[in-house]
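Chain by chain, the residues run as shown.
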Amino acid sequence: MVSLYGSLGRVPMNEEEKLTRFEGEMLPLMNDAYNLARWLVQNEQDARDMVQEAYLRAFKFFSGVRGETGRAWLLRIVRNVCYDHLKKRKVYSSDAELENIPSDSSPESSLQVKSEVAAVRSALASLPEDFRTVLVLREMEELSYREISEITQVPIGTVMSRLARGRQQLAEALKQMREKDLV
Amino acid sequence: MTCDELHEHLDPFFDNELGLAEAQKIQQHLEQCSGCGEVYAARLAVRQALQKPEVRFTSPDDLRDQIQAELSKQVRPAHQATWRLPSFQFPTWLMPSLAGAAAVLAVWFGSNVFLTAKRSSNDLLGTVTAQLVSDHMRSLLPEHLIDVVSTDQHTVKPWFAGKLSFSPPVYDLSDHGFKLIGGRLDYLGNQEIAAVVFQIRQHYINLFVWPKTEYTYLPDTLVQKEGFNMYGWEANGLTMCAVTDAAPDALKAFVDLQKQKHAETE
């Protein structure tokens, strides 16, 4: 059967160019996007869905020429997609989050390092979502206060205070875990 | 600088977000005050813990491929300029009606293209469009056009609600010359779909609506088939296809209004 479109509907080149540029700029950031999503939604399958949704959303709004801010821009979309999802899932209570401690096995061979990593992961997972988000963005993604403020849509002062409290709480949680292990 | 002042600025100092002058004051205080030095050391321990590469999660290997495939779908439909089906697997729900649709059209046009068609994805899409065209033609037979006669969207929409598992958008476009005249249940394969019926001057437009499936992707473009104009698109999990004998411009205007209304109400 002949193509139904025949000569109709030739796409302008810029759609393809847009895809090429988008993939060139955004696909290398997938690990960052996944890490953030994984820490926000706290399980692997949801994180995959969130990253895919974020990339499709990002592509729709992508206009090229983003340079340095590209990563913060993508992470903001990831964060928004995750928030929409969390709102639907209603896991804002800290109880629900505590049950969702990440269980991914680490490839590390040393048992000690392994348990250390597991301890850090579950300590971070146990933090309230606001604190967890800023810690992931600052310590893992090494973003500036301004970028974190744009991603989380709160003032820089709030970013600062969440970081301070998040760090204190994480230190406390880690300390408690170590003490429990020693008993 | 007091210890309280230091605590206030410790995190921005730690994150290199302070100006040089302030940072120097903090630095001096930290060198002299062991209590604050411990607080600083605790920050550092947290950072070192979080920055272990093993603590991060790494994107699964297949996710990149999956996303690239999805992205290229955003571009490819129009690029290939065909009504595309993503899979070569023949949708079983279309099987029973394929012969029927083909026979109707074969008689209608004295052609048997559908019987000789190979099962490629284009042909499957052809089956979808052929069915919609035949649905449209059948609707033009006397007494076939409308099951619920109403120019009121608030009558037509609830009528569908009682009969279908999805809710087709029903908008009153009479201000723009597209008069809503009613609704009807129709079929695509053996699936019940909605047909919202509009009239522009002496022409009818059937707007077919059904839940999006992987077999019935319609690219967002005008198509001419068997003397009818068709325009398919997707919105909010629904696939829509308007079929009419009205002119392409009129159809395009109609589709644009539908999309606009849809965007306004979602």
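Because the structure is a prediction, the values reported are computed rather than measured.

### Brief notes about the overall build of chain A
A count of helices and strands for chain A gives 9 helices and 0 strands. Secondary structure elements of chain A occur, N-terminal to C-terminal, as α-α-α-α-α-α-α-α-α. Looking at the 183 residues of chain A, the share that counts as buried comes to 49%. Residue pairs in contact within chain A that sit at least 24 positions apart in sequence constitute 69% of those at least 6 positions apart. Summed over all atoms, the accessible surface of chain A reaches about 9,200 Å², with 51% contributed by carbon and sulfur.

### Quick word on the overall build of chain B
Broken down by element type, chain B carries 9 helices and 7 strands. Per-residue burial for chain B yields a buried fraction of 48% across its 266 residues. Sequence separation of 24 or more characterises 62% of the internal contacts of chain B that already satisfy a separation of 6 or more. Summed over all atoms, the accessible surface of chain B reaches about 12,700 Å², with 51% contributed by carbon and sulfur.

### Some thoughts on the confidence of the model for chain B
Residue and element names in this part refer to chain B. Across chain B, the average pLDDT comes to 80, with 79% of residues at or above 70. With pLDDT under 50 throughout, residues 78-82 is counted as low confidence; its partners more than four residues away or in other chains account for 13 contacts. Within the model, pLDDT remains below 50 along residues 84-90, and this stretch shows 26 contacts once partners closer than five positions in the same chain are excluded. Taken together, the chains of this predicted complex give a pTM of 0.53 and an interface ipTM of 0.80.

### A few points about the packing of helix α1 (residues 3-14) of chain B against helix α2 (residues 20-32) of chain B
All names here are of chain B. With their axes 10 Å apart at the nearest point, α1 and α2 run at an angle of 120° to one another. If you check the angle between α1 and α2, you find them oblique. For the pair α1 and α2, the sense of crossing is left-handed. Where α1 approaches α2, its residues Cys 3, Leu 6, His 9 and Phe 13 are matched on the opposing element by Glu 22, Ala 23, Ile 26, Gln 27, His 29 and Leu 30.

### A closer look at helix α8 (residues 145-152) of chain A
Residues and elements named next belong to chain A. Within α8 the residues assigned to the buried category are Tyr 145, Ile 148, Ser 149, Ile 151 and Thr 152. In a view along the axis of α8, the buried residues occupy a sector of 165°, so they form one face of it. Following α8 by one or two positions, Gln 153 has its phi on the positive side, about 55°.

### Some thoughts on the nonpolar core
One finds Val 51, Tyr 55, Leu 124 and Leu 170 of chain A to be the most contacted residues of the largest nonpolar core, which totals 63 residues. Per element, the largest residue contribution to this core is 10 residues, and it comes from helix α4 (residues 70-89) of chain A. Other than its neighbours up to four places away in sequence, Tyr 55 of chain A contacts Phe 22, Met 26, Leu 27, Leu 29, Met 30, Ala 33 and Leu 74 of chain A together with Ile 67 and Leu 71 of chain B. Formed by 47 residues, the second largest nonpolar core is a distinct cluster that contains Val 128, Leu 185, Leu 218 and Phe 254 of chain B.

### Overview of the environment of Asn 35 of chain A
With respect to the secondary-structure elements, Asn 35 of chain A resides in helix α2 (residues 30-41). Assessed through its relative accessible area of 0%, Asn 35 of chain A is described here as buried. Sequence-distant contacts of Asn 35 of chain A, defined by excluding residues within four places in its chain, comprise Val 136, Met 140 and Glu 141 of chain A together with Arg 56 and Phe 57 of chain B.

### Quick word on the pattern of salt bridges
This structure, assessed with the given rule, holds 22 salt bridges over all chains. Two residues, Arg 56 of chain B and Asp 32 of chain A, come together in a salt bridge whose shortest N-O distance is 2.9 Å. Taken as a pair, Arg 56 of chain B in the loop between α3 (34-50) and α4 (61-80) and Asp 32 of chain A in helix α2 lie in two separate chains rather than in one. Here Asp 32 of chain A falls in the buried class, since its relative accessible area comes to 14%. In this structure, Arg 184 of chain B and Asp 186 of chain B form a salt bridge, with 2.8 Å as the shortest nitrogen-oxygen distance. When sorted by exposure, Arg 184 of chain B lands in the same class as Asp 186 of chain B, which is buried. Put simply, Arg 138, Glu 139 and Arg 167 of chain A together with Asp 11, Asp 15, Arg 43 and Arg 47 of chain B are held in one network by salt bridges that share partners.

### Re the layout of surface pockets
Taken as a whole, the second largest pocket spans an internal volume of roughly 260 Å³. Along the wall of the second largest pocket there are 14 residues; nearest its centre are Ala 171 and Glu 172 of chain A together with Ala 42, Ala 45 and Val 46 of chain B. Counting only elements with at least two residues in the lining of the second largest pocket, the list comes to α9 (156-182) of chain A together with α3 of chain B. When residues in the lining of the second largest pocket are grouped by element, the largest group, 7 residues, is from α9 of chain A. Per-class residue counts for the lining of the second largest pocket are 7 nonpolar, 1 polar and 6 charged.

### Quick look at the sheet that holds strand β5 (residues 221-225) of chain B
Strand pairing in a sheet relies on backbone hydrogen bonds. The paired strands run either parallel or antiparallel. All names here are of chain B. Taken together, the 7 strands give an open sheet; going across it, the order is β1-β2-β3-β4-β7-β6-β5, and neighbouring strands pair in antiparallel fashion. Either end of the sheet is taken by a strand with one partner, and the two such strands are β1 (148-149) and β5. Here β5 pairs with strand β6 (residues 228-235) via 5 bridges, running antiparallel. Among the inter-strand pairings, Thr 221 is bridged to a residue of β6, identified as Gly 232.

Conventions we followed
Residues numbered from 1 in each chain as written. Chains lettered and ligands numbered in written order. Predicted model: local features only at pLDDT ≥ 70, side-chain atom pairs only at ≥ 80, totals over all residues. Heavy atoms only, no water. Helix = DSSP H or I, 4+ residues; strand = E, 2+ residues; numbered from the N terminus. Buried < 20%, exposed > 50% of the residue type's maximum accessible area, 1.4 Å probe, protein only. Contact = heavy atoms within 4.5 Å. Areas by Shrake-Rupley, 256 points an atom, 1.4 Å probe, with all protein chains shown as cover. pLDDT = per-residue confidence, 0-100. Axes fitted to C-alpha atoms, helices over the stretch in contact; angles between N-to-C directions. Parallel < 35°, antiparallel > 145°, perpendicular 65-115°, else oblique. Left-handed = near helix turned anticlockwise from the far one by under 90°. Arc of directions from axis to C-beta. Core = buried A, V, L, I, M, F, W, Y, C linked by side-chain atoms within 4.5 Å. Salt bridge = Lys/Arg side-chain N within 4 Å of Asp/Glu carboxyl O. 1 Å grid on protein atoms, 1.4 Å probe; cavity = no way out; pocket = protein on both sides within 12 Å on 5 of 7 lines; lining within 4 Å. Points joined across faces, edges and corners; volume = space filled by probe spheres on them. Nonpolar A, V, L, I, M, F, W, Y, C, P; charged D, E, K, R; others polar. Pairing = 2+ DSSP bridges.

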